[in-house]
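Descriptive analysis of the structure
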Amino acid sequence: MKLEGKIALVTGARGGIGRAIVARFVKEGATVYAADLTPEGSLDAHVDDGVFVKLDVTQEADAIAAMDQVREAHGKLDILVNAAGIEIEKTVEDTTLEEWNQSFAVNSTGTFLTSKYALPLMREAAKSGSSASLINFGSYDGFIADPGLAAYCATKGAVHALTRAMACDHGPEGIRVNAICPGYIDTPMLQSFFNGDGSGGGGGSIETLQKAVRDVHPMRTYGTPEDIANLVNWLASDEARYASGQLWVLDGGLSAQVQQMKL
Amino acid sequence: MRLAGKKAFVTGGRQGIGRGIVDAFLNEGATVTTCGRGARPKGLPPEVTWLALDVSDPSAVNAVATPTDILVNNAGVQVEKTVADSTDADWDQVMGTNARGVFNCCRAFIPVMPKGGSIINIGSISGNVADPSMALYNASKAFVHGLTRSIAVDHGPDIRCNAICPGWIETGMLDAGFELAKDPKKAKQDALVRHPVRRFGKPADIAAMAVWLASEEAGFATGQLFTVDGGMTAASPLNPGLF
């Protein structure tokens, strides 16, 4: 029970990774606000123990209302996880302005807005003596690009830079800011990529593509949402009290290698 | 007890970060062996096995390699010189321990490491961005980073290999650095302001990351450099607030 007594809010809480984080936080003893567009999960209809908060991360009024709810109940927020995200599978040329703006609205502006209204509550939490922890979702795509994901890569690069900026600005207030940069994780988003909605399909069978993706990883597999939740849990806990301003890549070794040339 | 039943070998456990990792591993239930040049240090918990070992000596390292779940390559030395000032003896000393020592231990332990083993190398932020007048040290840590990725790629899925890159940690090495400054007190204050968390690290901060990387929870983490530096390298070294 590493998070006993902590108050946490997770955005994108009904997505593949978000659900696993909420479940883990609950298990570790935190009071968890599970924020998303709808209470239904994207994996199944099971509702976990988190308190559902309706939050569209692109709407300033929603962010304000969510934090008001936390303030009234607890007066503080120890942990914020900005896990809400969308992925448009297109090159720059094919991406419409509307799709580009929507990508930034959710992935980058959403992270900004939720953080902006959470910070005063996190400052209150830090007054207890143990630091508050803000965890953003970057991506290994913020370092090296996947083909046909232009807007997504750009939004994640923005999240990485914002993470460093917030760590500098709010470290002296006792708030640690980090980003987790997942590689291929088995979520509905990845399955949609495999299903060939965009560049991922490539014409072959899903099984062939899945095997090819696994084989490129040194660990010969892609990750699970629980793998990500393990690191979120550590970063949220007091054990990580000296960890701030970093981008934590968790990708089964994928980005440690240079391109695997098929000669 | 996240490491119950695990056997760990930590090089350079006499003091500083190495000793912090030995203590943390013991606390999590591991059976720990550590080593260093010379006699067993006073105050090392009795349940820890001590080996007098110079990691730069390949045959000596080969002689002590037994099946081990967790290998932590922490032993390291530093020589504070530029390339122009460094002697052949400096090269042999720094590269011998920091680079060849890590290689010696990995080469000896990998073949006998059980499936699911975890190698944790102590790299450094200095392997990514250079500390002035630490040429061989910086280069030796970049070697460690490169070797870390190579082992992850070559020996996955059986073995995971990661590096921790500590920033400024309160050890004898750090104080010695400040003593060299014109005004040690001012130098220390300046260094503190460059840390977003407004303090230096403690060996326990690095040990906490080592425990996580050694544990089953880190089962998908391999081939990576994990920086734990209180936010220092997230900030540009050009900080207008300090002028």
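Residues numbered from 1 in each chain as written. Chains lettered and ligands numbered in written order. Predicted model: local features only at pLDDT ≥ 70, side-chain atom pairs only at ≥ 80, totals over all residues.

Section: the domain arrangement of chain B
Per the domain assignment, the segments making up chain B are domain 1 (7–166 + 202–226) and domain 2 (172–200). Distance between the C-alpha centres of domain 1 of chain B and domain 2 of chain B: 25 Å. (Domains from an automatic or database assignment.)

Quick notes on the sheet that holds strand S2 (residues 31–36) of chain B
Sheet strands associate in pairs through backbone hydrogen bonding, adopting either a parallel or an antiparallel arrangement. Residue and element names in this part refer to chain B. Strand order in the open sheet formed by 7 strands is S3-S2-S1-S4-S5-S6-S7, with parallel pairing between adjacent strands. Single-partner strands in this sheet number two, and they are strand S3 (49–52) and strand S7 (225–228). Strand-to-strand twist in this sheet, taken as the mean axis angle between neighbours without regard to direction, amounts to 20°. Bridge count for strand S5 (residues 117–122) against strand S6 (residues 159–166) is 6 bridges, and the pairing is parallel. Of the residues in S6, the one forming a bridge with Asn-121 is Ala-163. Lying on the sheet, helix H1 (residues 16–27) is in contact with strand S1 (7–11), S2, strand S4 (70–73), S5 and S6; it crosses S1 at an angle near 170°. Each of S1, S4 and S5 touches helix H3 (residues 88–109); the most contacted strand, S4, lies at about 170° to it. (Pairing = 2+ DSSP bridges. Helix = DSSP H or I, 4+ residues; strand = E, 2+ residues; numbered from the N terminus. Axes fitted to C-alpha atoms, helices over the stretch in contact; angles between N-to-C directions. Contact = placed C-beta atoms within 7 Å.)

With respect to the sheet that holds strand S7 (residues 247–250) of chain A
Residue and element names in this part refer to chain A. Strand order in the open sheet formed by 7 strands is S3-S2-S1-S4-S5-S6-S7, and the pairing between neighbours is parallel. Because the sheet does not close on itself, it has two edges, and the strands there are strand S3 (51–54) and S7. Strand after strand, the sheet turns through a mean of 20° between neighbouring axes, direction not considered. Bridge analysis of strand S5 (residues 132–137) against strand S6 (residues 175–182) gives 6 bridges, and the strand direction is parallel. By the bridge assignment, Phe-137 is partnered in S6 with Ile-180. Relative to the sheet, helix H2 (residues 60–74) contacts strand S1 (7–11), strand S2 (31–36) and S3, its axis offset from that of S1 by approximately 165°. Lying on the sheet, helix H4 (residues 150–170) is in contact with S5, S6 and S7; it crosses S6 at an angle near 165°.

What about unusual backbone geometry?
Excluding glycine, residues mostly carry a negative phi; peptide bonds, for their part, are mostly trans. In this structure, the amide linkage connecting B:Gly156 to the following residue, B:Pro157, adopts the cis form with an omega of 0°. Notably, A:Arg220 is not glycine yet its phi reads approximately 55°, a positive angle. Inspection of the secondary structure puts A:Arg220 in the loop between helix H6 (206–216) and helix H7 (225–236). We note that B:Arg198 has phi near 55°; this positive angle belongs to a residue other than glycine. Mapped onto the elements, B:Arg198 comes out in the loop between helix H6 (184–193) and helix H7 (203–214). The partly exposed category is assigned to B:Arg198, around which 13 C-beta atoms lie within 10 Å. (Buried ≥ 20, exposed ≤ 12 C-beta atoms within 10 Å, placed from the backbone.)

Digging into the packing of helix H1 (residues 16–27) of chain A against H7(A)
Residue and element names in this part refer to chain A. Two elements in contact, H1 and H7, have axes whose closest approach is 8 Å; the angle formed by their N-to-C orientations is 50°. The angle between H1 and H7 places the two elements in the oblique class. Between H1 and H7 the crossing geometry is right-handed. Contacts between H1 and H7 involve Gly-16, Ile-17, Arg-19, Ala-20, Ile-21 and Arg-24 on the former and, on the latter, Pro-225, Glu-226, Ile-228, Ala-229, Val-232 and Asn-233. Its residues placed into classes, the contact of H1 with H7 shows 7 nonpolar, 2 polar and 3 charged. (Parallel < 35°, antiparallel > 145°, perpendicular 65-115°, else oblique. Left-handed = near helix turned anticlockwise from the far one by under 90°. Nonpolar A, V, L, I, M, F, W, Y, C, P; charged D, E, K, R; others polar.)

Structural notes on the interface of chain B and chain A
Across the boundary between the two partners, chain B contributes 27 residues, which contact 25 residues of chain A. Of all the secondary structure elements, the ones that give two or more residues to the side of chain B that touches chain A are helix H4 (135–155), H7 and S7 of chain B. Here the side of chain B that touches chain A is built from residues that sort into 14 nonpolar, 9 polar and 4 charged.

Quick look at the nonpolar core
Grouped together as the largest cluster of nonpolar side chains are 132 residues, with contacts concentrated most on A:Ala8, A:Val10 and B:Ala210. Top element by residues in this core is H7(B). It accounts for 9 residues. Leaving out residues up to four positions away in the same chain, A:Val10 has contacts with A:Gly18, A:Ile21, A:Val22, A:Val32, A:Ala34, A:Ala35, A:Val81 and A:Ala83. In this structure, A:Ile88, A:Leu149, A:Ala150 and A:Ala151 belong to the second largest nonpolar core, which totals 6 residues. (Core = buried A, V, L, I, M, F, W, Y, C linked by C-beta atoms within 7 Å.)

Here we look at the confidence of the model for chain B
On average, residues of chain B score 94 in pLDDT, and 97% of them are at 70 or above. In the model output, the complex is listed with pTM 0.85 alongside ipTM 0.73. (pLDDT = per-residue confidence, 0-100.)

Here's the deal with the confidence of the model for chain A
Scored by pLDDT, chain A has a mean of 90; 91% of the residues are at 70 or more. Note on residues 197–201 of chain A: pLDDT is under 50 here. Beyond four places in sequence and across chains, it has 14 contacts.

A word on H4(A)
Residue and element names in this part refer to chain A. Between its terminal C-alpha atoms H4 stretches 30 Å, which fits the 30 Å expected from 21 residues at 1.5 Å a residue. When H4 is considered as a whole, its buried residues turn out to be Ala-150, Ala-151, Tyr-152, Cys-153, Thr-155, Lys-156, Val-159, Thr-163, Arg-164, Met-166, Ala-167 and His-170. Against the buried residues of H4 lie helix H3 (97–126), S5, S6 and S7. (Expected span 1.5 Å × (residues − 1).)

Notes on the environment of A:Ala212
All names here are of chain A. By secondary structure assignment, the location of Ala-212 is in helix H6. Under the C-beta neighbour-count criterion, Ala-212 is labelled exposed, with 11 such atoms within 10 Å. When the C-alpha positions of Ala-212 and Gly-157 are compared, they lie 26 Å apart, and in sequence the two are 55 residues distant.

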